[in-house]
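Given next are the chains, with one letter for each unit.
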Amino acid sequence: MAKKILLDNIDVPGLASFEVYKQLGGYSAVEKALKNLTPDQVTGEVTKSGLRGRGGAGFPTGMKWGFIDKKSGNPRYFVCNFDESEPGTFKDRHIGQLNPHLLIEGMILGSYALGARTSYIYIRGELFYVLKIIEKAIAEAYKNGLLGNNILGTGYSLDLYCQPGGGAYICGEETALLESLEGKRGNPRIKPPFPAVVGLYGCPTVVNNVETIATIPWIINNGYEAYSSIGIGNSKGTKLISACGHINKPGVYEIELGLPIEEFIYSDEYCGGIRNGNKLKAVVAGGSSVPILPAELILRTATGEPRLMSYESLSEGGFQSGSMLGSGGFIVMDHTTCIVKNLLTFARFYHHESCGQCSPCREGTGWMEKILHRIESGNGSMKDIDLLVNISKHIEGNTICPLGDAAAWPVASAIRHFRAEFEEHVKLQKCPF
Amino acid sequence: MTKFSAESLPIVNRILKQYPEGKQKSALLPLLHIAQAENNGWLSAETMDYIASLLEIQPIEVYEVASFYSMFNLQPVGNCVIEVCQTGPCWLNGAEELLAYFTERLGIKAGETTADGKFTLKTVECLAACGNAPVIQVGTDYFENVNKQKAEELLDKWQKENKISHTNPYL
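Residues numbered from 1 in each chain as written. Chains lettered and ligands numbered in written order. Predicted model: local features only at pLDDT ≥ 70, side-chain atom pairs only at ≥ 80, totals over all residues.

### Focus: the sheet that holds strand β2 (residues 116–123) of chain A
Residues and elements named next belong to chain A.
At step 1: Across the sheet, four strands lie side by side as β3-β2-β1-β4; this open sheet has parallel pairing. Either end of the sheet is taken by a strand with one partner, and the two such strands are β3 (159–164) and β4 (205–209). The mean angle between the axes of side-by-side strands here comes to 20°, regardless of whether they run parallel or antiparallel.
At step 2: With six bridges connecting them, β2 and β3 associate as parallel partners. Within β3, the residue paired with I121 across the bridge is C162. (Pairing = 2+ DSSP bridges. Helix = DSSP H or I, 4+ residues; strand = E, 2+ residues; numbered from the N terminus. Axes fitted to C-alpha atoms, helices over the stretch in contact; angles between N-to-C directions.)

### A word on the packing of helix α3 (residues 39–49) of chain A against helix α9 (residues 210–222) of chain A
All names here are of chain A.
At step 1: Interhelical geometry of α3 versus α9 gives an angle of 100° and a closest axis separation of 10 Å. One element, α3, and the other, α9, form an angle in the roughly perpendicular class. For the pair α3 and α9, the contacting residues are V42, E45, V46 and S49 in the first and I216, I219 and I220 in the second.
At step 2: The residue inventory of the contact of α3 with α9, partitioned by class, reads five nonpolar, one polar and one charged. (Parallel < 35°, antiparallel > 145°, perpendicular 65-115°, else oblique. Contact = placed C-beta atoms within 7 Å. Nonpolar A, V, L, I, M, F, W, Y, C, P; charged D, E, K, R; others polar.)

### Observations regarding the pairing of β4(A)
At step 1: With respect to burial, β4(A) is a largely interior element, five of its five residues being buried.
At step 2: Here β4(A) shows a buried face lined by A:T205, A:V207 and A:N209 and a second buried face lined by A:V206 and A:N208. (Buried ≥ 20, exposed ≤ 12 C-beta atoms within 10 Å, placed from the backbone.)

### So, the sheet that holds strand β7 (residues 238–245) of chain A
Residues and elements named next belong to chain A.
At step 1: Pairing is mixed in the open sheet, where five strands are placed in the order β8-β7-β13-β10-β11. Only two strands of the sheet have a single partner each, and these edge strands are β8 (251–256) and β11 (292–294). The mean angle between the axes of side-by-side strands here comes to 30°, regardless of whether they run parallel or antiparallel.
At step 2: Pairing between β7 and β8: six bridges, direction antiparallel. Note that in β8 the partner of S242 across the bridge is V252.

### Structural notes on the domain arrangement of chain B
At step 1: Domain assignment breaks chain B into domain 1 (9–66) and domain 2 (80–161).
At step 2: The centre of domain 1 of chain B, based on its C-alpha atoms, is set 29 Å off from the matching centre of domain 2 of chain B. (Domains from an automatic or database assignment.)

Next comes the structure, spelled out in structure tokens:
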């Protein structure tokens, strides 16, 4: 069995309650850190552990914390990004719903390390029922002296609140999230300045993903060496993978980074193989934004090495033959899948979710949806295929935030690996599936 | 709606205390969710103006936010709003057939409301529950692994009980 850091107790009945969480050793990391470690020591543990941001970008967490401006004299904020909306990704909901105190414990540790006295968990508005679970857990934590004034008599005080969004994928981009938390439209800000210097209410702020934050208690309890001994290369620790699509056992799995993808797809411990014994056609390995890979390239790299679940292995070969680990949203497609139609749903998604600030994204996502619709419905021409590639190139790298790239990559990669299928749509003047 | 109900006021007051002095505009999204629930599931100009006055901001600051986020309805809706996810993972698992079932059974297209005002059908983008696709949302409730049979059962139930999906999400 693989090492479990986040899902160790996930099946224990009543885990969402303070009593059960505490009984299982919960909040011992808060006790240890607040009583025996300085904030800088907590940051040091996280830095040395090699933990990378689990929202999708994979930026080293400790380094991000290290950027926080401590000289300004302004209040500092720690914000949890619970705007889980990347198609294929449903891992954070799993933690928030079943183990909210783990997230709260991580929030206390991060806030302590950063010197924050007020922190927020920003959760997508659709997940109001999870917000209520978290608010209940927060109230329990206050009641038991783990939030509020003078936590556990250590002199450290922290207020923690949960804030709902309003239905906007873009608010998962950290500066858009901060705008939204300030009661505005979720328009991403131009960086620099980065949130670590000018964040929430113009004050130094760190924004981290749910899974990232939920990992911190384990690192504090067990030490950075224990954490960094798990994994492979610069992909340390475990990762939650939310697997969906045409597999026998969709769900949220915790894997040790470095697990061969072939094992993940076919082993009964994980996805349990393709439904109905069908043939694997393609996988989008890290949420809808990352390049799609055909079966042969998801199982093995272009040089014939087994492809592993790690930041390095999944990106091996660049975008020519590789992809990204991203958020861990693992979407599996069998041989009955129309790649063009699947891509059309993604294109519609990005068009719907573009905030509209930057013309290449606002206009380009609309054009890509329109052209893909044309091809899928049998009205496309061969020129349309090149036009799609052309548009994607004009979006990529030309926008304030990465939503533009996220919209461009699926289109470019689907045509790169499945061009014949697009051409078939054009030749037949209909969808062949 | 020009005033929060007595039931919601304590929640509104609690939310207003969650932000630093002078930053009460941060309460806008939470308050819009409650206001929408108390205004039959949509935000009228009158309702938004009330929120503006409560937060001491300009009405346009409320309008521009309400029109940005997909959860806020700026037109009247039916008593029960059914939101069907249509993004990739749900599509791979039959969301299109599910939407077709709702369309046929209710006799309306996505974005429309039945003549009796009971149901509104909406398509939405990824609800982040892809492992149990297809997924629909009604009010604050998620319904997962919804096949045609399950959809039929749910619709029968909602028909019978005159389901109202807009309730204060904090309660």
